[in-house]
Amino acid sequence: MNAREIRNGLKMLGVQDWSRRLFDSLIPLPDGTSYNSYLIPGNKKIALIDTVDPEFSEVFMKQLEGIPKIDYMISLHAEQDHSGSLPLVMNKYPEAVLICSAKAKPLLVDHLDLDPARIQTVEDGEELDLGGRTLRFVYTPWVHWPETMSALLVEDKVLYTCDFLGSHVAGTKMFAEDRPAVVEAAKRYYGEIMMPFRSAIKSNMKKVRELDFELVCPSHGPIWDNPETILSAYEDWASDTVHNKVVIPYISMHGSTQKMADYLTGELAARGVEVELFDLAVTDIGKLAMALVDAATIVIGTPTVHVGPHPIVANAAILANAIKPKARFAAVFGSYGWATKAVETVASMIPNLKVEILGAVLCKGEPDEAAYKELKDLAEKIAEKHKDL
Ligand code: FEO
């Protein structure tokens, strides 16, 4: 697509990556993504915010063909999906100054071999006069790298946020228009990437709330034309509030752990507890991450393989530990053949989860009456705990 006008001469450039299905060789992108860049023409100076993934440099450079001059190239985040085309842009515009946060400068030099002499760092709150338009830089660190910042175009009331408040979704609509699919994509992105930085996000949200803006322009996904939608969603996701929900990621090899998962699900549902069940053999881990954003309890189901947890469960436990969901309670269940250390091993893999362990239900082979009774007791215990949420 060509550059598109947002309003008053402000433009959205960049590309829609319709076919990308994986980010960081880990995160599923069922809806693709976009890499947005934004052109800001002032009376005196012209600024460009962020670039695109280097895979699309050629398309991006074509978009820039009609733009004879860039005075300031602004890099809000040094990760390559936004910074990767910077060397080409800086070559095309030899007079351009690259603006970034203090922490971004060494990252941009190290990752992209950019000339440090052409990089000017800005402090939190510093302003850049473009002539009739002022860009104010607002440090919003740890979303999700240490150097990230946002930029407020003061007179136009537009906030540029890069990854922060973004969504991985490709599409031709420039504005989010409160579409549920975009909010879901934003939640998935938050769960996969932003959730480990929940406390930084809370501080950043407070800071952003003090700014005066009408549009939020992220560098992934459409522009939030009703910013309250994404602001209140982020505040909910990052808050300490958990929902009356249990997430059960599990694997079953011969059906026994499956029976336990189904039974526990039924007992929880009968007590008014919402359950999201994920068979890890077929699960989209992005969906799992999304469910973990606000669940009160995680119950992991695993059969035993070579005395430890099933490797796919171990993988999910490591992932859950990395994304640090705010769940308050956890439990484990599963079936084993002759001996098991699955519970101890799983527990050792999730030190980042600040949870109260509500128990472990293990059975040898098929679940028997005693195992079902223990699962029923576990459901009762969870439902009781959830009453105090
Ligand atoms: Fe979209 Fe952290 O890069």
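From a predicted model like this one, the values you see are computed outputs, not experimental measurements.

A closer look at the packing of helix H8 (residues 256-270) against helix H12 (residues 369-387)
Relative to each other, H8 and H12 sit at 40 degrees, their axes nearing to 9 Å. By the angle class used here, H8 and H12 are oblique. Seen along the crossing, H8 lies across H12 with a hand that is right-handed. Contacts between H8 and H12 involve Lys 259, Met 260, Tyr 263, Leu 264, Glu 267 and Leu 268 on the former and, on the latter, Tyr 372, Leu 375, Lys 376, Leu 378, Ala 379 and Ile 382.

Comments concerning H12
Here H12 contains 19 residues, and its C-alpha end-to-end distance of 27 Å stays within 8% of the 27 Å for a straight helix at 1.5 Å per residue. Taken residue by residue, H12 has Ala 371, Leu 375, Leu 378, Ala 379, Ile 382, Ala 383 and His 386 as its buried positions. Buried residues of H12 fall within an arc of 135 degrees about the axis and therefore sit on the same side. Residues Glu 369 and Lys 387 are exposed on H12 and point more than 90 degrees away from its buried face. The inward-facing, buried residues of H12 abut strand E15 (243-250), H8, strand E17 (295-301), strand E20 (329-336) and strand E21 (356-364).

Quick notes on the sheet that holds strand E14 (residues 215-218)
Think of a sheet as strands paired side by side through backbone hydrogen bonds, with each pair either parallel or antiparallel. The mixed open sheet is built from five strands, whose spatial order is E10-E11-E12-E13-E14. Edge positions in the open sheet fall to strand E10 (127-129) and E14, since each of these has one partner strand only. Direction aside, neighbouring strands of the sheet carry axes that sit 20 degrees apart on average. Pairing of strand E13 (residues 158-162) with E14, which is carried by four bridges, proceeds in the parallel orientation. Of the residues in E14, the one forming a bridge with Val 158 is Leu 215.

Rules used throughout
Residues numbered from 1 in each chain as written. Predicted model: local features only at pLDDT ≥ 70, side-chain atom pairs only at ≥ 80, totals over all residues. Heavy atoms only, no water. Axes fitted to C-alpha atoms, helices over the stretch in contact; angles between N-to-C directions. Helix = DSSP H or I, 4+ residues; strand = E, 2+ residues; numbered from the N terminus. Parallel < 35°, antiparallel > 145°, perpendicular 65-115°, else oblique. Left-handed = near helix turned anticlockwise from the far one by under 90°. Contact = heavy atoms within 4.5 Å. Expected span 1.5 Å × (residues − 1). Buried < 20%, exposed > 50% of the residue type's maximum accessible area, 1.4 Å probe, protein only. Arc of directions from axis to C-beta. Pairing = 2+ DSSP bridges.

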